Amino acid sequence: MKRVRVALLGCGTVGAGFVRLAQDERSRIAARHGVELDIGRILVRDPSKERPGVDPALLTTCATEALDGDCDVVVELVGGVHTAGLYVRRALANRRRVVTANKALLATHGRELFAAAAKQGTSIGFEASVCGAIPIVRALRDGLAGDSIDSIGGILNGTSNFILTRMEDGASFADALADAQRLGFAEADATLDVDGTDAAQKLRILAELAFEAPVRSVSVTGIREVTTTRTPSGVVRLVAEASRVAGGVALCVEPRVVPFGHPLGNVRNENNAVVIRGRAAGELLLVGRGAGAMPTAVAVMADVLAA
Ligand code: NAP
Ligand code: HSE
């Protein structure tokens, strides 16, 4: 049995989901993967918050205690760019393997961080940064490694999709957003969701994986101005699309009317969907829960086990 020591940075929606999954799946993970997960320190801001199922003795507010203590894998689930970036750089400098769900960080500093990881002989797992439980990073890296991708995109933000489909059922934008926040789907700064930024960050990560070509243009429109979610021809979805253009890739995120009968129109609530068009493989559609504690924790766990 291999003991894997995890330092967990952040114990909010996804961090708490990861702790729960590690507990729920402990014996199966040990039997199937020969791994005993040992979550050591857990970094939080406020140790007095109620965290059901989390041992309070593991909590710390001292980042260096979590980062520089004995551990094999650092799981970054703090979010944001600046502080999370400092933590990830420190973890890499310590030659720890890093797992993160932080698309904002990877979309802005990914190249630098992946180069630092390679230099230090370690790795960054980021399956959880795009589309929650959908294993899209592995699909692009492994399953489709032999194909040329012509386009990739779909519904990449669970909160926006949740809001649009709730509005379709008669809810107001404000009430639907409040529900998405209460259910743990939204970012700490929900403007990232409703303004299309989060979808654009995920699209950038997918485009890097799919095309290995420079991004030539980015156009982002969110759902704030959407007042009608159903038209005579279809339903409105926030659609993200990356496609090849001369000299690189064009990224576009915008609300679109999706015709009735189109697979994206059937994607509701916090679900995501990714459509990949491979030159040899043809069209693939992956659908699943794109946000929320447990679906995202599954993707984090996949990277921890891989590490
Ligand atoms: P969250 O609920 O806001 O949790 C953030 C956690 O980090 C909290 O435990 C918080 O401590 C801690 N934290 C924040 N800033 C800190 C700091 N400066 N020092 C120490 N601890 C700090 O966020 P989340 O929804 O779990 O998201 C975490 C990451 O996963 C983000 O990058 C997000 O984009 C990504 N993600 C989220 C989802 C989702 O469905 N929520 C899905 C995919 C990816 P306290 O608990 O004490 O406040
Ligand atoms: N806020 C994000 C969303 C979380 O709603 O899609 C998952 O990345």
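Everything numeric in this text was worked out from a predicted model, so none of it was measured.

**What to know about the domain arrangement of the protein chain**
Taken as a whole, the protein chain is organised into domain 1 (2-132 + 295-306) and domain 2 (136-290). Domain 1 and domain 2 are separated by 26 Å when their C-alpha centres are compared. Across the boundary between the two partners, domain 1 contributes 16 residues, which contact 19 residues of domain 2. Together domain 1 and domain 2 conceal approximately 1500 Å² of surface at their shared face, both sides included; 61% is due to carbon and sulfur atoms.

**A closer look at helix H1 (residues 13-24)**
Given 3.6 residues per turn, any residue in an α-helix points the same way as the ones three and four places further on. Here H1 spans 16 Å end to end across 12 residues, near enough to the 16 Å set by a 1.5 Å rise per residue. All buried positions along H1 are accounted for by Val14, Gly15, Gly17, Phe18, Val19, Leu21 and Ala22. Against strand E1 (2-9), helix H2 (26-33), strand E2 (35-43) and helix H11 (293-306) lie the buried residues of H1.

**Remarks on the site of ligand 2**
All residues in the neighbourhood of ligand 2 are listed as Lys103, Asn157, Gly158, Thr159, Phe185, Ala186, Glu187, Asp193, Asp198, Lys202, Gly290 and Ala291. The contact in question runs from an oxygen atom of ligand 2 to an N or O atom on the side chain of Thr159, over 2.7 Å. The side chain of Lys202 places a nitrogen or oxygen atom 2.8 Å from an oxygen atom of ligand 2. When the free accessible area of ligand 2 is taken as 260 Å², the share hidden by the protein chains comes to 93%. Within the residue set of the shell around ligand 2, elements represented by two or more residues are helix H7 (158-168) and helix H10 (197-211). For the shell around ligand 2, a count of residues per class yields 3 nonpolar, 4 polar and 5 charged.

Cut-offs applied
Residues numbered from 1 in each chain as written. Chains lettered and ligands numbered in written order. Predicted model: local features only at pLDDT ≥ 70, side-chain atom pairs only at ≥ 80, totals over all residues. Heavy atoms only, no water. Domains from an automatic or database assignment. Contact = heavy atoms within 4.5 Å. Buried area = accessible area lost by both parts, 1.4 Å probe. Helix = DSSP H or I, 4+ residues; strand = E, 2+ residues; numbered from the N terminus. Expected span 1.5 Å × (residues − 1). Buried < 20%, exposed > 50% of the residue type's maximum accessible area, 1.4 Å probe, protein only. Near = heavy atom within 4 Å. Polar contact = N/O pair within 3.5 Å; in protein donor to acceptor, adjacent residues only side chain to side chain. Areas by Shrake-Rupley, 256 points an atom, 1.4 Å probe, with all protein chains shown as cover. Nonpolar A, V, L, I, M, F, W, Y, C, P; charged D, E, K, R; others polar.

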